[in-house]
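# Chain and residue survey
This is what each chain is made of:
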Amino acid sequence: MQIYLPIAELPISVLMVLGLSGAVGFISGLFGVGGGFLLTPLLIFLDIPPAVAVATVAAQVAGSSMTGVLTYLRRKALDLKLGGVLVSGGIVGTVLGVLFFNTMRRLGQLELVITLSYVTLFSIIGGLMLYDALRAMLRVRAGKPARRKRRGGMHPWWMGLPMRMRFHRSGLYCSVVPIALLAVVIGFIGAVLGVGGGFILVPGLIYFFRIPPAVVVGTSLFQILVTMTGATVLHAVTNQSVDIVLATLLLLGGVIGAQFGGRAARNLNVESFRMLLALLILSVGMRFAIELFIPPSDPFSVVVPESAR
Amino acid sequence: MRRFLALLAFLPIALAAATARAETLIAAMSSHRVQITSNYTGSQLTVFGLVERDGRTVARGDPYDIIITVRGPRRMLLVRQKERVGPIWINRTQRRFPDSPVFLHVASSRPISAMMSEEAAQRDRIGLANAERTAGNWIDLDPGSARFRDSLVRIMQSKDLYGYDERGVTFLSNALFSAPVDIPATAPTGSYTVDILLYAGGVPLARQQTSFEVIKTGIEQRLASGAYDWSLLYGLMTVLMALFLGWGASVVFRRD
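First, a word on scope: everything that follows refers to the structure included in this document.

Each value, and the rule that gives it
- Residues numbered from 1 in each chain as written.
- Chains lettered and ligands numbered in written order.
- Predicted model: local features only at pLDDT ≥ 70, side-chain atom pairs only at ≥ 80, totals over all residues.
- Heavy atoms only, no water.
- Contact = heavy atoms within 4.5 Å.
- Buried area = accessible area lost by both parts, 1.4 Å probe.
- Salt bridge = Lys/Arg side-chain N within 4 Å of Asp/Glu carboxyl O.
- Polar contact = N/O pair within 3.5 Å; in protein donor to acceptor, adjacent residues only side chain to side chain.
- Helix = DSSP H or I, 4+ residues; strand = E, 2+ residues; numbered from the N terminus.
- Pairing = 2+ DSSP bridges.
- Buried < 20%, exposed > 50% of the residue type's maximum accessible area, 1.4 Å probe, protein only.
- Phe/Tyr/Trp six-rings, centres within 6.5 Å; stacked < 30°, edge-to-face > 60°.
- Lys NZ or Arg CZ within 6 Å of the ring centre and 35° of its normal.

### Some details on the interface of chain A and chain B
Many authors give the size of an interface as the accessible area that is lost as the parts come together. Facing 55 residues of chain A, the contacting portion of chain B comprises 58 residues. Taken together, the two surfaces of chain A and chain B that pack against each other cover about 5100 Å², and 66% of this comes from carbon and sulfur. Summed over the three residues of chain A that lose the most area to chain B, namely Y4(A), F300(A) and V302(A), the buried surface amounts to 15% of that side. Our count for the contact surface shared by chain A and chain B stands at 2 salt bridges. One salt bridge connects E9(A) with K216(B), and the closest N-O pair in it is separated by 2.8 Å. Between chain A and chain B we count 9 residue pairs in polar contact (both at pLDDT 80 or more) in total. Elements with a minimum of two residues in the side of chain A that touches chain B: β1 (2-5), β2 (10-13), α3 (50-74), α5 (110-141), α8 (213-239), α9 (244-266), α10 (270-293) and β5 (300-303) of chain A.

Right under this line is the structure:
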């Protein structure tokens with residue numbers, strides 16, 4: 001069954017979109033990432049104009065993170081205070097990112113910047129996470145605890161910076177400065193790459209601030225919900241590229257998939273959770289690396305600029 | 001205005017037809033409007049035409065040849081070429097093809113190469129590669145230009161937006177012909193022109209122009225214009241719908 005998308009201006013198979021968004025929604029619920037970094041490239045692969053894909057995925061990510069936020073809120077696995085700090089830092093980063101985005105577009109190198117950032121970012125983050133997960137697994141094999149016990153008073157230096165704040169839900173007493181800085185970086189990357197940034201935020205909060213994964217996922221989803229709600233409205237107002245029909249289809253599949261993903265997350269142990277997320281991120285990085293390093297089958301490409309009405 | 005100018009251009013031919021008793025062409029479309037609805041997956045139109053002659057028309061030894069060129073809305077097209085820089089492949093060079101049709105289909109009653117010489121085809125702008133010869137970058141200024149132009153035609157052909165059917169025009173009788181025009185679902189909305197040319201023995205005898213438009217109707221049209229005219233409201237509605245669906249799912253699936 002095909003349906004014509006009014007903004008993307010092409011027909012698409014309803015079942016395929018539902019299946020695709022269901023699968024991505026499952027992953028999104030499982031890992032607490034928005035899923036935008038998977039969905040956007042997939043939609044572009046299906047011939048949806050890139051601007052429409054980025055803008056519409058923002059709406060879909062907002063909706064599916066709403067489901068997650070409510071679930072984690074009920075389970076009290078969401079730190080609203082930490083979320084508030086992340087959101088305010090994220091806004092600053094988004095503004096900086098949009099400025100950088102427009103500068104690069106003027107210079108005509110936006111596509112290269114995006115591909116290069118995908119490759120480096122995903123390879124580094126995925127690689128680090130995989131290394132860490134493997135090391136923990138080996139330690140378990142050797143009969144030792146998965147990671148060294150944290151002793152009281154043994155905190156990384158950045159947690160002791162000024163403006164310390166207590167985050168009860170996360171069991172964290174830490175300076176606001178590094179958290180806000182992380183949020184600025186994520187907002188920046190999110191605006192440039194058109195992703196929510198959950199895939200950086202989740203490992204960031206786990207590794208740098210040692211916040212329990214259960215709380216990290218809920219809080220990350222909250223930050224994504226706020227950013228993507230704003231992004232959808234901004235995209236709709238500035239470039240009219242949000243396709244409401246496509247967004248509805250993506251959401252129907254996505255929210256259902258996210259429910260099952262969230263349920264599966266409870267039955268998954270922490271180590272395999274890290275390993276799977278690492279492999280997923282690494283494979284997306286590889287996919288972009290192939291595009292960059294392998295000689296293209298057709299060096300030429302045609303760009304039809306977005307219809308100017 | 002454009003149409004009026006086009007008509008003016010054909011005036012001499014029409015006048016010539018009146019005096020020298022050459023053939024006249026009569027053409028009609030099966031429809032002048034392709035409507036995009038929510039289950040639209042492309043469309044097919046048919047061009048019908050008649051070569052009209054009367055008792056005083058000169059007898060011709062050569063058969064009639066028909067060439068139909070359909071041009072869609074014009075945009076600036078960009079062709080980019082990837083080149084190797086160090087270990088990576090990036091888009092290095094690009095050519096602009098301003099004011100080029102996003103849709104271009106040519107159909108003829110027999111292969112154009114059999115109808116006329118390559119020079120004549122270039123002169124009369126016949127065939128996919130020649131149809132836009134007046135537009136910038138479509139002429140071979142240098143060998144590089146030709147490469148970009150050929151790539152443009154090849155890639156657009158693979159998307160079904162450009163095409164050449166060398167036997168797309170069928171003569172139903174000596175004088176009556178028809179040709180199907182396939183509009184893929186990805187063809188842009190806007191107005192399309194259809195040029196019909198009559199040749200015999202490599203000589204142009206008559207031409208006729210008609211047109212059709214591709215438009216969104218019903219809910220598709222309302223959503224698209226809403227996105228432009230009330231963009232803030234549209235954005236807020238989309239977000240509310242998204243949040244509502246998200247909330248709905250958490251209610252439906254709630255177990256704990």
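More follows now that the structure is in view.
### Points about the sheet that holds strand β3 (residues 43-52) of chain B
Residues and elements named next belong to chain B. Ordered by their spatial adjacency, 4 strands build an open sheet running β1-β3-β10-β9, and the pairing between neighbours is antiparallel. Edge positions in the sheet fall to β1 (24-29) and β9 (170-171), since each of these pairs with one other strand and no more. As judged from the 2 bridges shared by β9 and strand β10 (residues 176-183), these two strands associate in the antiparallel manner. When the bridges of β10 are listed, T170 appears paired with S178.

### Observations concerning the pairing of β2(A)
Residue and element names in this part refer to chain A. The alternating pattern of β2 places L10 and I12 on one face and P11 and S13 on the opposite face, and all of these are buried. Bridge count for β1 against β2 is 4 bridges, and the pairing is antiparallel. In the sheet register, Y4 faces β2, and the bridge partner there is P11. Counting the residues that bridge the hairpin from β1 to β2 gives 4 residues, and of these E9 lies at a positive phi of roughly 60°.

### Focus: the pattern of salt bridges
Residues and elements named next belong to chain B. Within the structure shown, the criterion is met by 11 salt bridges over all chains. Between D65 and R110 there is a salt bridge, with its nearest N and O atoms 2.7 Å apart. Here D65, found in strand β4 (residues 64-71), pairs with R110, found in the loop between β7 (104-108) and α2 (112-115); they are 45 residues apart in sequence, far enough to count as distant. Overall, the relative accessible area of 1% leaves D65 in the buried class. One continuous salt-bridge network, built from bridges that share partners, spans R71, R74, E132, D195 and R207.

### Details of the environment of Y173(A)
Residues and elements named next belong to chain A. Checked against the element boundaries, Y173 lands in strand β4 (residues 172-175). Y173 sits 36 residues away from F209 along the chain, and the two C-alpha atoms are 9.6 Å apart. Not counting the four nearest positions on each side in its chain, Y173 is found in contact with M159, R164, M165 and R166.

### Comments concerning the packing of aromatic side chains
Between two aromatic rings, the relevant description is the distance of the centres plus the angle of the planes. With the rule as written, the count across this model stands at 7 aromatic pairs over all chains. Measuring from ring centre to ring centre gives 5.5 Å for Y4(A) and Y40(B), while their planes differ by 75°; the resulting arrangement is edge-to-face. In this pair, Y4(A) sits in strand β1 while Y40(B) sits in the loop between β2 (33-36) and β3, so the two residues belong to two different chains. Side by side, Y4(A) and Y40(B) carry an identical accessibility label, which is buried. The rings of F103(B), Y192(B) and F212(B) are connected pair by pair, giving a single aromatic cluster. The lysine or arginine in question, R75(A), covers the ring of Y72(A), its NZ or CZ lying 5.2 Å from the ring centre. Here the guanidinium or amino end of R287(A) rests over the ring plane of F288(A), the centre of that ring lying 5.1 Å away.

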